[in-house]
Amino acid sequence: EAVNPQEYTAVKMEVLEWGPTVGNELLQAVGGKKVWMVAATLRPETMYGQTNCFVGPTLKYGLFEASDSDLFLITERSARNMAFQGVFDQSQGVFPKVCDVIGGDLVGTKVRPPFGLVPEVYVLPMEGVLATKGTGVVTSVPSDSPDDYRTLLDLRKKPEMYKIKPEWAAVDPIPVLSTPKYGDMAAEVLCTQFKIQSQRDTKALAEAKDLAYKEGFYNGVMTVGDFKGTTVAEAKPKVRQQMIEQGLAFAYAE
Ligand code: A2H
């Protein structure tokens, strides 16, 4: 674990419709409650460009009571952290799990990405999702995240192998910011430049991710949203604050 805590923005994606492989046990546990898949991100200013939501297909998730009316779908590890950080209504330390679910069973579920220019997106599998980081839910922004971009290409290339319907991966990357070096599709430019062939090319992807992040942060200008025309560095905390004020995000550290 790092010495300095990582401060994430936890973005709340409301479940709109369950996918075809969700089990009855889960549906019963949900009852009439609202379910949110919560993704940890370091790039809140890119949330306009969400096109999917990724889960690890073999990872274990749970449904946790965030309040009387709301359930969070996240890993148990992150739920425990959230409980200690006072995210849940119940007093600190209470650990309100109501059901287990495997990531693969969530594929094809439809969620609403907060601030997304596309109002509904599908849950898809991503191989490299770590159980030890964030919530195990990753929101996909293929314009600016090389991992997200390459995973989308992999899924589109072999939908049967990944057990997905092609229409779940149909939304193209959406430009949200522009930089002098990579234009408004940093992830695509870098994946092409580095000849990245698959989401398993982790070394090249890490390098691409680093370059995209730095160029975006230091030289990026927003091309959409309320802070269009301002720098990414300036927009980042402001978009985050807006999302938090609207009840669509919260601070999460680990
Ligand atoms: B980021 P760090 Cl546009 N497993 O959000 C793998 N990756 C995970 C994860 C997990 N369990 N939890 C979060 N992440 C991803 C947006 C984004 C992100 C963009 C560009 C770069 C980027 C959209 N995906 O990350 O190891 C999440 O993806 C690169 C910095 O804590 C999260 O932010 O530095 C980021 O990794 C956190 O990674």
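Residues numbered from 1 in each chain as written. Predicted model: local features only at pLDDT ≥ 70, side-chain atom pairs only at ≥ 80, totals over all residues.

If you check an unreviewed UniProt entry, the chain appears there as leucine--tRNA ligase from Naematelia encephala.

What follows is about the environment of Val239. With respect to the helices and strands, the residue Val239 is situated in helix α6 (residues 232-245). Given 24 C-beta atoms within a 10 Å radius, Val239 is considered buried. A sequence separation of 14 residues divides Val239 from Gly225, and the C-alpha atoms of the two residues are 8.9 Å apart. Setting aside residues no more than four positions away along its own chain, Val239 makes contact with Pro44, Glu45, Met47, Gly225 and Phe227. (Helix = DSSP H or I, 4+ residues; strand = E, 2+ residues; numbered from the N terminus. Buried ≥ 20, exposed ≤ 12 C-beta atoms within 10 Å, placed from the backbone. Contact = placed C-beta atoms within 7 Å.)

A few words on the pairing of strand β2 (residues 34-41). The element β2 is largely enclosed, with a buried count of 7 among its 8 residues. In this sheet, β2 lies alongside strand β1 (residues 7-17) in antiparallel orientation, the contact comprising 6 bridges. In the strand pairing of β2, Met13 is matched with Met37. Alignment of β2 against strand β5 (residues 70-74), held across 4 bridges, turns out to be parallel. Residue pairing in the sheet places Lys34 in a bridge with Asp70 of β5. (Pairing = 2+ DSSP bridges.)

Packed helices, taken two at a time, are described by the angle between their axes plus the distance between the axes. The N-to-C vectors of helix α3 (residues 146-157) and helix α5 (residues 202-219) enclose an angle of 130°; their axes lie 8 Å apart at closest approach. As judged from the angle between their axes, α3 and α5 are oblique. Side by side, α3 and α5 meet where Pro146, Asp147 and Arg150 of the first sit next to Leu205, Ala208, Lys209 and Ala212 of the second. Of the residues in the contact of α3 with α5, the class split is 4 nonpolar, no polar and 3 charged. (Axes fitted to C-alpha atoms, helices over the stretch in contact; angles between N-to-C directions. Parallel < 35°, antiparallel > 145°, perpendicular 65-115°, else oblique. Nonpolar A, V, L, I, M, F, W, Y, C, P; charged D, E, K, R; others polar.)

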